[in-house]
Structures are given as C-alpha cells and as structure tokens.
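Architecture and fold: a report
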Amino acid sequence: MNIEKQVRTELRSAKPYLPGKPIQEVQRELGLKRVVKLASNESFLGPSPKALSAQRKAAKDVWLYPEGASPLLRRAAAGHAGVAEGQVIVGNGSDEIIRLLCETFAGRGDEVVCSDCGFIRFRQQSEMMGAKVVSVPMKNLKHDLFAMARSVTPKTKMMFVASPNNPTGTYNTRAEVSSLLRSLPKDCLLILDEAYYHYATGLEDYPESTLEFLPKHDNLIVLRTFSKAYGLAGLRVGLGFANAELVSWIDRIRMPFNVNLPAQAAALAALEDKAFLRRCVRETAKNREALASALEFMGLHCVPSTANFLCVETPIPGAELFRQLLRRGVIVRPLDEYGLTRHVRISVGSAAQNKFLLLALKKIEGLFSGRERREEALSR
Ligand SMILES: Cc1ncc(COP(=O)(O)O)c(C=O)c1O
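Definitions and limits used
Residues numbered from 1 in each chain as written. Predicted model: local features only at pLDDT ≥ 70, side-chain atom pairs only at ≥ 80, totals over all residues. Heavy atoms only, no water. Pairing = 2+ DSSP bridges. Helix = DSSP H or I, 4+ residues; strand = E, 2+ residues; numbered from the N terminus. Contact = heavy atoms within 4.5 Å. Axes fitted to C-alpha atoms, helices over the stretch in contact; angles between N-to-C directions. Parallel < 35°, antiparallel > 145°, perpendicular 65-115°, else oblique. Left-handed = near helix turned anticlockwise from the far one by under 90°. Nonpolar A, V, L, I, M, F, W, Y, C, P; charged D, E, K, R; others polar. Phe/Tyr/Trp six-rings, centres within 6.5 Å; stacked < 30°, edge-to-face > 60°. Buried < 20%, exposed > 50% of the residue type's maximum accessible area, 1.4 Å probe, protein only. Domains from an automatic or database assignment. Buried area = accessible area lost by both parts, 1.4 Å probe. Salt bridge = Lys/Arg side-chain N within 4 Å of Asp/Glu carboxyl O.

Sheet architecture is open: four strands sit in the order β9-β10-β13-β12, paired in antiparallel fashion. The sheet is open, and its two edges are formed by β9 (302–303) and β12 (333–335), each paired on a single side. Of the pairings in the sheet, the one linking β9 to strand β10 (residues 309–313) comprises two bridges and is antiparallel in character. Looking across to β10, one finds that Val303 is bridged to Cys311. Running over the sheet, helix α13 (residues 274–297) touches β9, β10 and β13 (340–347) and is turned about 10° from β10.

This next bit is on the packing of helix α4 (residues 71–81) against helix α12 (residues 261–272). A pair of packed helices can be characterised by two numbers: the angle between their axes and the separation between those axes. Put simply, α4 and α12 touch, their axes get as near as 9 Å, and they point 25° apart. On the basis of their axis angle, the class for α4 and α12 is roughly parallel. The way α4 lies across α12 gives a crossing that is left-handed. On α12, the residues touching Leu72, Leu73, Ala76, Ala77 and His80 of α4 are Gln264, Ala267, Leu268, Leu271 and Glu272. Here the contact of α4 with α12 is composed, by residue class, of seven nonpolar, two polar and one charged.

Considering all chains together, one arrives at seven aromatic pairs under this definition. Centre to centre, the rings of Phe122 and Phe160 are 4.5 Å apart; their planes meet at 10°, and the pair counts as stacked. Of the two residues, Phe122 sits in helix α6 (residues 120–128) while Phe160 sits in strand β5 (residues 156–162), which places them 38 residues apart along the sequence. For Phe122, a relative accessible area of 1% puts it in the buried group. Where Tyr171 meets Tyr206, the ring centres are 6.1 Å apart and the plane angle is 70°; that geometry is what we call edge-to-face. Of this pair, Tyr171 sits in the loop between β5 and α8 (174–183) while Tyr206 sits in the loop between α9 (197–200) and α10 (209–212), and the two are 35 residues apart along the sequence. Taking the relative accessible area as the measure of exposure, Tyr206 reaches 3% and is therefore buried. Three or more aromatic residues joined by ring pairs make a cluster, and in this case those are Phe119, Phe122 and Phe160.

Attention now goes to the domain arrangement of the chain. In terms of domain boundaries, the chain breaks down into domain 1 (3–46 + 275–379) and domain 2 (49–273). Look at where the C-alpha atoms of domain 1 and domain 2 centre, and you get two points 25 Å apart. In this complex, domain 1 contributes 33 residues to the contact, which on the side of domain 2 involves 34 residues. At the boundary of domain 1 with domain 2, total buried surface from both sides reaches about 2700 Å², with 62% on carbon and sulfur atoms. At the boundary of domain 1 with domain 2, the tally comes to one salt bridge. The shortest N-O distance in the salt bridge between Glu10 and Arg108 comes to 2.9 Å. Those elements that provide at least two residues to the side of domain 1 that touches domain 2 are α13, β10 and β13. For the side of domain 1 that touches domain 2, the element with the most residues is α13, which contributes six residues.

Here it is in structure tokens:
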C-alpha cells in the first residue's frame, strides 16, 4: 500500500509542530545533571498551590468521565471575562481551539491571513485544512494590522493576530485592534490570540478585548490559556470567547470530553486565586526586565517584550547559539521556522535560572561586545 497516496493531499506537506526540547531528553542525550529549560514560555513560578490542591482532590475521581463541556469552568471564565456562559469554549489548550476554528471555518479555496512571524500554529493548522495562508510581513517585529487588513480578499475567511505575539513579544494597541475590527468585512473572522494577556493587562493601551470588542463584533474570537501566567501548561486548558452561535458551531466538532477532570478542577481554582496571578505577573515582569538589561549589557539586543519571554537578536546564527547553550545545559528556542535566523526566544526564568543562562552565554565565543569585555577587565 502506498500510504502517502492515501493521506489527504493537504497533509502531505504538513510539518509537525516542533516543541521546545524536554529537560529529560537533554539530560539523557548530553549526560548533563543540571538542565534549565527556557524554551516553551512556561511560568517559572509554576501553578497556584490552590490549583495543585484542587487537582489532587479531583484525582480520586478519575475513574469517572469528566463533565463534557467543562460547565463550572465555563461559568467562572465567563464571569471573569464579563461575557455570557454560552460565549465560552473550553479547549484542550488554546491550541485545540485554534484547530477547531480551522476545522470549522477554513478549507480549500479559502484564504487565511497571518503575519510572517505570527505564532506558527495558525499557519500550520490552516494549511492542514487546505486553506491558502496569506503571509503579511511584520513591521519592526510587530503585526502590521493595516497591511493585514489590506490583504483581505473576498476569499478571506479568517485572520489570526496574537497579541502579545509569540515569538516576538510585541503587542498591538487598543486603537490598532479597534481600527482593524472596524475595517474587516463582517464575514471575516478575527482570531485574537491573547495567550500572554495577563502580562500585558497593566498597559494603558492594551485592550480588555472581551469587554471592549466582543459586544460589538460578532466576527471576533478571543483566545486565552492556562498554560502561561496560570502555570498549568501540562494540564492543557485553554479558553475561547466569541458570540454564542459561533461557539455552538465549534462545540459540534469538539471531542466530548476534551478537558480532563483534574485539569478542569485545577483551572477553576487557578482562576479564583487572583493574588497568586498578580504575584506571578509582577515577578515575571521584574525578572524579564533584569534579564533584558543583562543581555543588552552583553550586547544582545532584546525586542521590547510584554510577555514572559524575550526575542533576542544574536550576532551568531540563532540555531548555533541554541546548540552552544544546549551543550551547557540551557534550552532556548531557535526561530529559523519564522525566518528569524539571527534571533532566539528565551523564556523568562527564576533569578537562579536566568543567572545560569547568563553564565552559559558568557562562555560562548563571539557573543561578548567590546564594552562587556572592557568592564570585565576593569573589574578584575
Ligand atoms: C500565542 C500562542 N497561542 C497559543 C498557544 C498554545 O497554548 P496552549 O495550547 O498551551 O493553551 C501558545 C503556546 O505557546 C502561544 O504562544
């Protein structure tokens, strides 16, 4: 049997998503004791103890199927976002919702507008459904929403915008998103992926999209996740907010028990622990600024970030820097798949993890700027 011939045409050129390398794999392969992973934008503070305890409590019931549509979490999330319960979809990570959206709306003959350095899953999932991806160049590594709006044609079904964006860390302002929404045709969906929402909410010009835009725009879908600031990446829970009819269509193809029982319980408890979330956002911002200053001091330019990671320009190819750091026990993310061959993405770590990274960087030839060398020589 020629298996490839039997595979759907759209999938033949599909490339699997490359996740950040797991710690255990690097330890095994390189025989290293200490490995620090700064590659998947997980939160260095982990989850709220209340979320962990709710997860443990729920674990005794895992012989039962969970409630299919995560009703308690759905209700609580609706309350937090200021929308009706029917406007919420709970997914196995926001990644599942991206997939469900593409499966529901994008197909052969349709166009999907993305940024060239927008989160890669948008493009991958759209292509898997056979849609044509229209890739719009970013401007200074920020979504150029005007150019994206201009590239909409009668065939455009969806547009994806992550704000803050992964892997650049840049965000779009309230005025920019508002003007994009006003200029989009009513039958073109805008998926506003706010996976890093919590890190940006303190900014005056960052919108509260579910409150400010959703009531006015039936074609808007806002995505959030428990994988970043809530520290629950391993449990896989994401949220989507949209108008109720749209949600009901997505619900039709959602797997019946897509979010497992302990995950629903943990996410619900995480949502309620506002003090922990505030601490996480505060400490992440503090560590991000400290790390960015240290990297800049070494001559490595960081793109201004509003997320829990930094997109860092490197004087050597990013893939080479990735390899060099890996040998020294630090996992970062090369960005070749985005065409950013002179950048790496580094998740913000704890003070100790960031120190370990900086020490590893200092050992790599060709990275130090003259200024750093001089300062080092003077301090000796
Ligand atoms: C912009 C963006 N959207 C969505 C996701 C997927 O998150 P999850 O499926 O863990 O909710 C990520 C993960 O890194 C992301 O960076």
